[in-house]
Amino acid sequence: MRPVIPYVTAALLFGLGVYGVLRRRNAVLVLMAVELMLNAVNLILVTADTTVRAALPHSGQVFALFVIVLAAAEIGVGLAIVLQLYRLRASVTVDDVPLTEAPAPAAGIAADRGEGAR
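Residues numbered from 1 in each chain as written. Predicted model: local features only at pLDDT ≥ 70, side-chain atom pairs only at ≥ 80, totals over all residues. Heavy atoms only, no water.

Draft legend 1. Region of interest: the overall build of the protein chain. Counting its regular elements, the protein chain contains four helices and zero strands. Tracing the protein chain from N to C terminus, the helices and strands come up as α-α-α-α. Expressed as a percentage of contacts within the protein chain between residues at least 6 apart in sequence, the contacts between residues at least 24 apart total 57%. Put simply, the protein chain shows about 9,000 Å² of open surface, and 69% of that area lies on carbon and sulfur atoms. (Helix = DSSP H or I, 4+ residues; strand = E, 2+ residues; numbered from the N terminus. Contact = heavy atoms within 4.5 Å. Areas by Shrake-Rupley, 256 points an atom, 1.4 Å probe, with all protein chains shown as cover.)

As structure tokens, this is what we get:
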């Protein structure tokens, strides 16, 4: 079997996934693009397992199964985060997500407690 077609298809799927991660603003579509990249990796693993006779039989298929389990866990955690973000902000755009919290001013905390400069 010539493995060129599955490898090219996997490369196109992976490229499409990278484009989706870099260009999309909706968090659900970003998760779908990550899933597309993981499926491309699965295609490469299974194709390599069928074309290259390795010392360990069916090792590509076992790794593909691990990638599927990882993808299921990633979707579960990712969708939980997206749902919580939607509840807090009423939007799932990636641009609106604060990456760090603003630190509280130290002088304001001391003044609230009544411990100012005396």
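Continuing now.
Draft legend 2. Molecular detail of the packing of helix 1 (residues 4-23) against helix 2 (residues 27-51). Contact geometry for helix 1 and helix 2: axes closest at 8 Å, N-to-C directions at 160°. The angle between the axes of helix 1 and helix 2 places the two elements in the roughly antiparallel class. In this structure, the crossing between helix 1 and helix 2 has a hand that is left-handed. On helix 2, the residues touching Pro-6, Tyr-7, Thr-9, Ala-10, Leu-13, Phe-14, Leu-16, Gly-17, Val-18, Gly-20 and Val-21 of helix 1 are Val-30, Ala-33, Val-34, Leu-36, Met-37, Ala-40, Val-41, Leu-43, Ile-44, Thr-47, Ala-48 and Thr-51. Grouping the amino acids of the contact of helix 1 with helix 2 by side-chain chemistry returns 18 nonpolar, five polar and no charged. (Axes fitted to C-alpha atoms, helices over the stretch in contact; angles between N-to-C directions. Parallel < 35°, antiparallel > 145°, perpendicular 65-115°, else oblique. Left-handed = near helix turned anticlockwise from the far one by under 90°. Nonpolar A, V, L, I, M, F, W, Y, C, P; charged D, E, K, R; others polar.)

Draft legend 3. Geometry of the side chain of Asn-42. Looking at where Asn-42 falls in the secondary structure, it is placed in helix 2. The class of Asn-42 is buried, set by a relative accessible area of 10%. Not counting chain neighbours up to four residues away, the residues in contact with Asn-42 comprise Ala-64, Val-67 and Ile-68. (Buried < 20%, exposed > 50% of the residue type's maximum accessible area, 1.4 Å probe, protein only.)

Draft legend 4. Representation of the packing of helix 2 against helix 3 (residues 59-89) in the model. Packing of helix 2 against helix 3 brings their axes to within 8 Å, and their N-to-C directions diverge by 175°. Taken together, helix 2 and helix 3 sit at an angle that is classed as roughly antiparallel. When its residues are assigned to classes, the contact of helix 2 with helix 3 shows 15 nonpolar, five polar and three charged.

Draft legend 5. Spotlight on helix 2. Along its 25 residues, helix 2 runs 37 Å from first to last C-alpha, staying within 8% of the 36 Å computed at 1.5 Å per residue. Among the structural elements, helix 1 and helix 3 are those in contact with the buried residues of helix 2. Of the residues flanking the start of helix 2, the one acting as N-cap is Asn-26, its side-chain oxygen 3.3 Å from the backbone nitrogen of Val-28. (Expected span 1.5 Å × (residues − 1). Polar contact = N/O pair within 3.5 Å; in protein donor to acceptor, adjacent residues only side chain to side chain.)

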